[in-house]
Amino acid sequence: MSLTISQLTVDHGAIRALDGVTFSVNRGELCAVIGSNGAGKTTLLRTLSGLNKATEGSATWGETDLLHGKPEKLVRHGLSHVSEGKSVIAELTVEENLALGALWRRNKAEAKETQEMVVHTFPRLGERLNQRADTLSGGERQMLAIGRSLMSKPELLLLDEPSLGLAPLVIEQIFAAIRALTTSMGLTVVLVEQNAMGALKIADTGVVLTLGKVAVTGQADSLMADAQVRAAYLGY
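Described in the following lines is the structure provided in the data block. (Residues numbered from 1 in each chain as written. Predicted model: local features only at pLDDT ≥ 70, side-chain atom pairs only at ≥ 80, totals over all residues. Heavy atoms only, no water.)

## Digging into the side chain of Ser152
- Note that Ser152 resides in the loop between helix H6 (138–150) and strand E7 (156–160).
- Looking at Ser152, the relative accessible area reads 6%, which means it is buried.
- With residues near it in sequence (within four places) discarded, Ser152 still touches Val75, Ser80, Gly101, Trp104 and Arg105. (Helix = DSSP H or I, 4+ residues; strand = E, 2+ residues; numbered from the N terminus. Buried < 20%, exposed > 50% of the residue type's maximum accessible area, 1.4 Å probe, protein only. Contact = heavy atoms within 4.5 Å.)

## What about the packing of helix H3 (residues 94–101) against H6?
- The interhelical angle for the contact between H3 and H6, taken along N-to-C directions, is 35°, at an axis separation of 7 Å. Considering how the two elements wind past one another, H3 and H6 form a crossing that is right-handed. Residue-level inspection shows Val94, Asn97, Leu98, Leu100 and Gly101 of H3 in contact with H6, the latter providing Leu144, Gly147 and Arg148.
- Taken together, the residues of the contact of H3 with H6 break down into 4 nonpolar, 3 polar and 1 charged. (Axes fitted to C-alpha atoms, helices over the stretch in contact; angles between N-to-C directions. Left-handed = near helix turned anticlockwise from the far one by under 90°. Nonpolar A, V, L, I, M, F, W, Y, C, P; charged D, E, K, R; others polar.)

## Observations concerning the sheet that holds E7
- Taken in spatial order, the 6 strands make up an open sheet running E6-E7-E8-E3-E9-E10, and their pairing is mixed. Because the sheet does not close on itself, it has two edges, and the strands there are strand E6 (79–82) and strand E10 (213–219). The mean inter-strand angle of the sheet, taken between neighbouring strand axes irrespective of direction, is 15°.
- Pairing analysis gives 5 bridges linking strand E3 (residues 30–34) to strand E8 (residues 188–193), with the strands arranged parallel. By the bridge assignment for E8, Cys31 is matched with Val190.
- Where helix H1 (residues 41–48) meets the sheet, its contacts fall on E3, E6, E7, E8 and strand E9 (205–210), and the angle it forms with E7 comes to roughly 145°. (Pairing = 2+ DSSP bridges.)

## Details of the pattern of salt bridges
- This structure, assessed with the given rule, holds 9 salt bridges.
- Taking the shortest distance from any N to any O, the salt bridge between Glu127 and Arg128 comes out at 3.0 Å.
- Each of Arg124, Glu127, Arg128 and Glu140 takes part in a single network of salt bridges with overlapping partners. (Salt bridge = Lys/Arg side-chain N within 4 Å of Asp/Glu carboxyl O.)

## A look at the sheet that holds strand E2 (residues 15–26)
- As summarised here, the arrangement of the 4 strands in space is E2-E1-E4-E5, forming an open sheet in which the pairing is antiparallel. Each edge of the open sheet carries a strand with a single partner, namely E2 and strand E5 (64–65).
- Where strand E1 (residues 2–12) lies against E2, 8 bridges are found, and the strand directions are antiparallel. Each bridged residue has a counterpart across the sheet, and for Asp11 the counterpart in E2 is Arg16.

## Observations concerning the side chain of Asn52
- In this structure, Asn52 sits in the loop between H1 and strand E4 (56–61).
- Not counting residues up to four positions away in its chain, the partners in contact with Asn52 are His12, Thr43, Arg46 and Thr47.

## Here's the deal with the environment of Ala167
- Residue placement: Ala167 occurs in the loop between E7 and helix H7 (168–185).
- Distance from Ala167 to Gly138, taken between C-alpha atoms, is 9.1 Å for residues 29 residues apart in sequence.

Functional significance is not addressed by these values, which are geometric in nature.
As structure tokens, this is what we get:
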């Protein structure tokens, strides 16, 4: 099973946000999608998760067509999307937010096991299960957003700018957790980031988007080692 995107084109009115985007991600791989503001990164994830409509092209996860399904149905097919901005429900406790992520799961014992795994991955959440989400720090809210997405037991995880606005040490912790989860859960991950170096360091493969088009793809370590890519897209 793999994520396969072919000639994906998305228009926002007169603006072409994605233009013929084509790449694939093998099962169990972490793919970093990098690029500056306006490159189309968020539009890509929103289109894959059913929140934006494609103009042309195709995107499949195994046998599942991602472009013509409702977001809630795609969750049942193993897709989970963590949008930019630490998307949690402020008025609910940490535990209640996590429970929301497992709403459709019928086996409550399995859901409890998943919660224990989330708390093991993010120990701070375990210390704050009864606290409201609006009392958490930015880093803790990001951990909760990722943790809640894991409660649906996804196979394909879409992460939009998880490092945004966080301190360097917290970013390091969250990136390390994402890498560990990819391995331990056998997740396939598409990680959208402006923090290009941080993302590529934990990724297997990388895709560089520029003005809605794929500029470069390749193994993450090869992209970091390529002087032209470094100069043009990584800033050193």
